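Each chain is listed here by its residues.
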Amino acid sequence: MGSDLNETVGALLIGVLVTAVGYGITTMQTYLYMNRFPKDPWYIRWTVWSLLLLDTTHIMLSWHMTYYYLILNFDNRPALDNSVWSFNITVVVTAVITVIVHCFYARRVYILGNQNSFLTIIILALSLIRLICGTIVTVKIFILQKLALLPIKIPAEVGTGLGAGTLADCIITGSLVYFLRGHKSGFNHTYVLDSRLDSTLDKITYWAVNNGLLTSIVGIVVIITFSVMPDNMVFLGVHLLLSKLYANSLLATLNFRQAQRGRGLDTDGPSAINMSSLFRKTPRTETTIDLSSVTVGKQSQSGTAVTVPRVHVMTTTTTDAEYSSEDMTKNEVFPDQLVANLDRIASRETESDPGHMA
């Protein structure tokens with residue numbers, strides 16, 4: 001390692017401080033998610049809890065790394081050449097977080113792309129390469145135990161792993177942008193609704209581009225700093241940020257949704273239109289009105305029975321998760337006002353139209 005402390009422990013300290021801020025955002029977003037979406041599907045909730053656990057482990061390892069170099073080995077420059085065990089483990093933890101986030105987005109690409117398995121398989125394959133290379137790098141760092149040897153002994157594994165992750169980010173971003181823009185155009189030609197739907201898709205597209213570009217840029221910066229500046233810890237400080245960017249990308253995507261009955265709908269604004277049904281080009285809620293007639297005991301002035309219309313209103317709600325029968329009957333918003341208005345209209349027509357007399 002170089003003798004300049006600004007480029008060694010200084011770069012590491014700044015990276016850990018920024019990483020701590022990212023962890024704070026992770027915990028805040030996790031808290032918001034658990035409060036807003038307690039009834040999300042179990043696999044999404046377990047994904048969030050897994051990310052929080054892994055991110056907590058990552059930040060604790062980062063703190064230990066800083067303590068080792070700055071406190072336990074204060075003014076001990078030769079110790080900067082050694083790789084501490086906590087640094088070694090952060091590599092594979094970051095790889096695992098990356099894989100989880102990639103799998104989440106691969107599922108979204110699969111759904112938005114009308115079950116396009118080709119892109120999904122490519123994303124998952126690149127993510128698997130990222131995990132394998134991360135594991136190999138961790139094992140080799142434990143064996144080498146010298147940071148100065150890393151650019152010499154494992155440049156191929158580091159470049160392949162981070163390159164595969166960056167390529168997966170680019171594919172995910174490009175696929176989401178393509179599918180979202182395509183669905184936006186198709187929806188607008190099928191249904192004439194207000195501009196809030198277009199605004200929702202624009203925001204999702206904007207968010208997908210920003211998150212994909214950010215993680216891709218940071219991944220490329222790690223590769224460049226690892227190759228160009230092997231004698232300092234700049235690459236290590238930048239690499240610590242990757243896990244926080246991936247975790248917060250997924251959490252922000254989940255928290256962006258509109259909440260309904262504790263489950264998430266990919267919506268924006270009070271219209272609460274389900275994005276999954278939007279992508280199928282069907283409205284989220286369908287209301288079917290069936291008008292039939294029934295003879296009641298009420299009599300007109302002539303003494304005959306009166307036939308009045310009977311109104312059946314059936315509302316069908318489509319969401320992104322299965323609802324149990326209990327959830328469907330609890331807190332259901334039934335269009336009582338619509339039924340009352342129809343009853344009043346039917347009563348007025350019955351009283352004014354003698355043709356309804358039996």
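Before reading further, recall that the structure is shown in the block above.
Note that the structure is predicted; figures quoted are calculated from it, not measured. (Residues numbered from 1 in each chain as written. Predicted model: local features only at pLDDT ≥ 70, side-chain atom pairs only at ≥ 80, totals over all residues. Heavy atoms only, no water.)

Trainee: Give me the lowdown on a nonpolar patch on the surface, citing residues and values where you can.
Mentor: Judged by side-chain polarity, Val-21, Ile-25, Met-28, Tyr-31 and Leu-32 come together as a nonpolar surface patch covering roughly 500 Å² of accessible area. With respect to the helices, strands and loops of the structure, Leu-32 is situated in helix H1 (residues 9–36). (Patch = residues over 30% accessible without salt bridge, like charges linked within 9 Å, V, L, I, M, F, W, Y side chains within 5 Å. Areas by Shrake-Rupley, 256 points an atom, 1.4 Å probe, with all protein chains shown as cover. Salt bridge = Lys/Arg side-chain N within 4 Å of Asp/Glu carboxyl O. Helix = DSSP H or I, 4+ residues; strand = E, 2+ residues; numbered from the N terminus.)

Trainee: Tell me about the packing of aromatic side chains, and please be specific about residues and values.
Mentor: On inspection of all chains with the given rule, the structure shows six aromatic pairs. Relative to Tyr-43, the ring of Trp-42 lies with its centre 5.9 Å away and its plane at 85 degrees, an arrangement referred to as edge-to-face. The class for Tyr-43 is partly exposed, based on a relative accessible area of 32%. Between Tyr-68 and Tyr-69, the ring centres sit 5.1 Å apart and the planes meet at 80 degrees, which makes this aromatic pair edge-to-face. Here the two residues Tyr-68 and Tyr-69 agree in accessibility, since each one is buried. (Phe/Tyr/Trp six-rings, centres within 6.5 Å; stacked < 30°, edge-to-face > 60°. Buried < 20%, exposed > 50% of the residue type's maximum accessible area, 1.4 Å probe, protein only.)

Trainee: I'd like a description of the pattern of salt bridges, backed by residues and values.
Mentor: Using the criterion set out here, one finds two salt bridges in the structure. Of the charged contacts, one joins Asp-55 and Lys-244 as a salt bridge, the two residues approaching to 2.9 Å between their closest N and O atoms. Of this pair, Asp-55 sits in helix H2 (residues 42–72) while Lys-244 sits in helix H8 (residues 234–255), and the two are 189 residues apart along the sequence. For Asp-55, a relative accessible area of 0% corresponds to the buried category. One salt bridge in this structure joins Glu-157 and Lys-140, with 2.6 Å as the shortest N-O distance. Here the residue Glu-157 occupies a position in helix H6 (residues 155–190), and Lys-140 occupies one in helix H4 (residues 117–144), the gap between them amounting to 17 residues. The buried category is assigned to Glu-157, whose relative accessible area is 17%.

Trainee: Explain the nonpolar core to me, and be specific about the residues and the numbers.
Mentor: One finds Leu-12, Met-65, Tyr-69 and Phe-87 to be the most contacted residues of the largest nonpolar core, which totals 56 residues. Of all the secondary structure elements, the ones that give two or more residues to this core are H1, H2, helix H3 (85–112), H4, H6, helix H7 (196–228) and H8. The element best represented in this core is H3, accounting for 10 residues. (Core = buried A, V, L, I, M, F, W, Y, C linked by side-chain atoms within 4.5 Å.)

Trainee: Describe empty space enclosed by the protein, and please don't skip the residues or the numbers.
Mentor: One simple way to see leftover space: roll a probe sized like a water molecule over the atoms. Applying the stated criterion across every chain, the model contains three cavities of 30 Å³ or more. If you add up the space inside the largest cavity, you get close to 200 Å³. In terms of lining, the largest cavity is formed by 18 residues, of which the most central are Val-91, Val-137, Val-158, Leu-162 and His-239. Contributions of two or more residues to the lining of the largest cavity are made by H3, H4, H6, H7 and H8. Among the elements that make up the lining of the largest cavity, the one with the highest residue count is H4 (five residues). Partitioned by chemical class, the residues of the lining of the largest cavity number 13 nonpolar, three polar and two charged. (1 Å grid on protein atoms, 1.4 Å probe; cavity = no way out; pocket = protein on both sides within 12 Å on 5 of 7 lines; lining within 4 Å. Points joined across faces, edges and corners; volume = space filled by probe spheres on them. Nonpolar A, V, L, I, M, F, W, Y, C, P; charged D, E, K, R; others polar.)

Trainee: Explain unusual backbone geometry residue by residue, including any values.
Mentor: The backbone phi angle of Asp-75 is positive, close to 60 degrees, even though this residue is not glycine. You can call Asp-75 exposed: its relative accessible area is 67%. Within the chain, Gln-145 stands out as a residue other than glycine whose phi angle is a positive 65 degrees. Judged by relative accessible area, Gln-145 falls into the partly exposed class, the value being 49%.

Trainee: Any details on the side chain of Asp-55? Residues and values, ideally.
Mentor: Within polar-contact distance, the side chain of Asp-55 engages the side chain of Thr-26 at 2.9 Å. In this view, Asp-55 contacts Tyr-23, Thr-26, Ile-97, Ser-243, Lys-244 and Ala-247; residues no more than four positions away in its chain are not counted. (Polar contact = N/O pair within 3.5 Å; in protein donor to acceptor, adjacent residues only side chain to side chain. Contact = heavy atoms within 4.5 Å.)

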